[in-house]
Amino acid sequence: MACSLHVAWDDGLTSYNFGPQHPLAPVRVELTMALSREFGVFDRPGVTMIDGVEPASDELLQLVHAPDYIEAVKRAGKTLEPDDPYCLGTSDNPVFPDMHDASALVAGASVRAAAAVWHGEAAHAANIAGGLHHAMPRHAWGFCVYNDAALAIAWLLEQGAKRVAYVDVDVHHGDGVQAMFYDDPRVLTISLHESPATLFPGTGRATETGGPGAEGYAVNVALPAGTNDARWLRAFEAVVPPLLREFQPEVLVTQQGADTHALDPLANLVLSLDGQRRTYAALHRLARETAGGRWLLLGGGGYDLVQVVPRAWTHLLAEASGGQVDPASATPDSWRAFVRERTGELPPLYMTDGRDPQYTPFEDGFDPEDPVDQAIQATRRAVFPSHGMDPSL
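In what follows, the accompanying structure is described. Being a predicted model, the structure only gives us computed values, none of them experimental.

**Remarks on the overall build of the protein chain**
Consideration 1: Of the regular secondary structure elements, the protein chain holds 11 helices and eight strands.
Consideration 2: Against the globule reference of 21 Å for 393 residues, the protein chain gives a C-alpha radius of gyration of 19 Å, in line with a compact fold.
Consideration 3: Here the protein chain holds 393 residues, and 62% of them are scored as buried.
Consideration 4: In the protein chain, the proportion of contacts linking residues at least 24 apart, taken out of those at least 6 apart, comes to 77%.
Consideration 5: A total of about 14100 Å² of accessible surface is found on the protein chain, and carbon and sulfur atoms cover 49% of it.
Consideration 6: Between the mean site of the 27 positive side-chain charges and the mean site of the 51 negative ones, the protein chain shows a separation of 4 Å.

Laid out in structure tokens, this is it:
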């Protein structure tokens, strides 16, 4: 099924760059865009590249960030001096020249993509350089300076949206987005992530369910280290579809971090590329079923820069365009040469990890000794009753 897709892109998006030793290297986005072009994703009917991506203005950024923090980011990008109160100049968030301009461009691209969906320019829109979900109102956090995901949601609310759902499948908890809407029942935030007992940022427990008047609108599925395709998909299907069907968002916003993969060097889940592909298809179906097709998809984490991220996000963009890339496809020779030229690494040969992920639905039976089932049940018990839903099997 062909879909209309706007892709927000500007070469300047690769200027969001913490330096050559930092895990969040912009080459991963560059390689993704190159691989997607090689497979003709951007040439498909209904797919357009958004022209005129502009940096988010200070006024726009202030929908989610404090004015003094914005000024601190501008100052640090000029002086290159750390600013401890704002977590600028840490090992996670080094300062770099023109940091505000680069960060504001990422934020502006996500808002532009949100506008394309909201105004009906396309059913779906993507900013693959976005998904900086950790940034807080008054400080940088976890490789994230401005929270473009939260800003896009806040912009949608400013336009009159009454219900926006945010689903975060990054291996790390979507803490910044959750924090910014914790007391707002117009926004349903759902995050599936590795347990805070074993991974940054140390939040995202099932008991974090929303503030007064918004109980049940923050949803967290904290999965144990070692969770594989089958167990992750079981958790996703047990929590995400029923909540989205009940909430009926006007727009579905998703953060698509690829760091759940077994090869990711910063985390401990063991999904395959094929398990991730199945998630993309599920989110696409849910956007059509519950949000009238309005889907804003953003990038996120992912630190295996060559083997994982470009293939994963090429599959994501292809899925959003309505035509999947055959996982058995070989990666193009020209792209392999580009990878070697840009990184010096050996590129992957195929668009698959050779897996066929299957799972047993949670409704088929709960195993009280299984840690993934324990996580699923904890989440359902914590939030389902707030939505008038029965958490039991």
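**Digging into the packing of helix H7 (residues 229–247) against helix H8 (residues 273–290)**
Helix packing for two helices is described by the angle between their axes and how far apart those axes are.
Consideration 1: For the pair H7 and H8, interaxial distance at closest approach is 11 Å and the crossing angle is 10°. Considering their axes alone, H7 and H8 lie roughly parallel with respect to each other. Taken together, the residues of H8 that come into contact with H7 (itself represented by Asp229, Trp232, Leu233, Phe236, Glu237, Val240, Pro241, Leu244 and Arg245) are Gly275, Arg278, Thr279, Ala282, Leu283, Leu286, Glu289 and Thr290.
Consideration 2: Per-class residue counts for the contact of H7 with H8 are nine nonpolar, three polar and five charged.

**A short note on helix H9 (residues 309–320)**
Consideration 1: Between its first and last C-alpha atoms H9 spans 16 Å; for 12 residues at 1.5 Å apiece the expected length is 16 Å, and the two agree.
Consideration 2: Within H9, 12 of the 12 residues are buried, which leaves it mostly tucked inside the rest of the structure.
Consideration 3: If you check which residues of H9 are buried, you get Val309, Pro310, Arg311, Ala312, Trp313, Thr314, His315, Leu316, Leu317, Ala318, Glu319 and Ala320.
Consideration 4: As for H9, its buried residues are in contact with strand S1 (5–8), helix H1 (27–38), strand S3 (124–127), H8, strand S8 (295–298) and helix H10 (333–343).
Consideration 5: Just past H9, the residue glycine 322 takes up positive phi, approximately 95°.

**Side note on the packing of aromatic side chains**
Consideration 1: Taken as a whole, this structure holds 10 aromatic pairs when the rule is applied.
Consideration 2: On the basis of an interplanar angle of 90° and a centroid distance of 5.4 Å, the ring pair of phenylalanine 18 and phenylalanine 96 is categorised as edge-to-face. Here phenylalanine 18 is found in the loop between S1 and H1, whereas its partner phenylalanine 96 is found in the loop between helix H3 (67–79) and helix H4 (99–118), with 78 residues between them in sequence. Grouping residues by exposure puts phenylalanine 18 and phenylalanine 96 together as buried.
Consideration 3: Judged by centre distance (5.3 Å) and plane angle (40°), the rings of tryptophan 141 and phenylalanine 200 are tilted. Note that tryptophan 141 is positioned in the loop between S3 and helix H5 (148–158) and phenylalanine 200 in the loop between strand S5 (187–194) and strand S6 (218–223), a separation of 59 residues in sequence.
Consideration 4: Classification of tryptophan 141 by relative accessible area gives partly exposed; the value is 28%.
Consideration 5: Overall, the relative accessible area of 29% leaves phenylalanine 200 in the partly exposed class.
Consideration 6: Chaining the aromatic ring pairs together yields one cluster made of Tyr16, Phe18 and Phe96.

**With respect to H3**
Consideration 1: In this model, H3 (13 residues) spans 18 Å end to end at C-alpha, consistent with the 18 Å of a helix rising 1.5 Å per residue.
Consideration 2: Along H3, the residues that are buried comprise Tyr69, Ile70, Ala72, Val73, Ala76 and Gly77. Along the long axis of H3, the arc covered by the buried residues comes to 160°, so they all point the same way.
Consideration 3: Its buried side turned inward, H3 meets helix H2 (58–61) and H4.

**Here we look at the pairing of S1**
Consideration 1: Where burial is concerned, the two faces of S1 agree: the one with Leu5 and Val7 and the one with His6 and Ala8 are both buried.
Consideration 2: Bridge count for S1 against strand S2 (residues 47–50) is four bridges, and the pairing is parallel. Bridge pairing links valine 7 to methionine 49 in S2.
Consideration 3: Viewed along the sheet, the connection from S1 through H1 into S2 turns out right-handed.

**Quick notes on the pairing of S8**
Consideration 1: Side chains Trp295 and Leu297 of S8 all project onto a buried face; the interleaved residues Leu296 and Leu298 project onto the opposite face, where all are buried too.
Consideration 2: The pairing of S3 with S8 spans four bridges and is parallel. The residue bridging asparagine 127 from the neighbouring strand is leucine 298, located in S8.
Consideration 3: Across four bridges, the pairing between strand S7 (residues 251–255) and S8 is parallel. Across the sheet, valine 253 pairs through a bridge with leucine 296, a residue of S8.
Consideration 4: One crossover worth recording links S7 to the parallel S8 by way of H8, and it is right-handed.

Each value, and the rule that gives it
- Residues numbered from 1 in each chain as written.
- Predicted model: local features only at pLDDT ≥ 70, side-chain atom pairs only at ≥ 80, totals over all residues.
- Heavy atoms only, no water.
- Helix = DSSP H or I, 4+ residues; strand = E, 2+ residues; numbered from the N terminus.
- Rg over C-alpha atoms; globule rule 2.2 N^0.38 Å.
- Buried < 20%, exposed > 50% of the residue type's maximum accessible area, 1.4 Å probe, protein only.
- Contact = heavy atoms within 4.5 Å.
- Areas by Shrake-Rupley, 256 points an atom, 1.4 Å probe, with all protein chains shown as cover.
- Lys, Arg positive; Asp, Glu negative; His and termini not counted.
- Charge placed at Lys NZ, Arg CZ, Asp CG, Glu CD.
- Axes fitted to C-alpha atoms, helices over the stretch in contact; angles between N-to-C directions.
- Parallel < 35°, antiparallel > 145°, perpendicular 65-115°, else oblique.
- Nonpolar A, V, L, I, M, F, W, Y, C, P; charged D, E, K, R; others polar.
- Expected span 1.5 Å × (residues − 1).
- Phe/Tyr/Trp six-rings, centres within 6.5 Å; stacked < 30°, edge-to-face > 60°.
- Arc of directions from axis to C-beta.
- Pairing = 2+ DSSP bridges.
- Right-handed = clockwise from strand over helix to strand, strands pointing away.

Nothing here speaks to function; it is all geometry.
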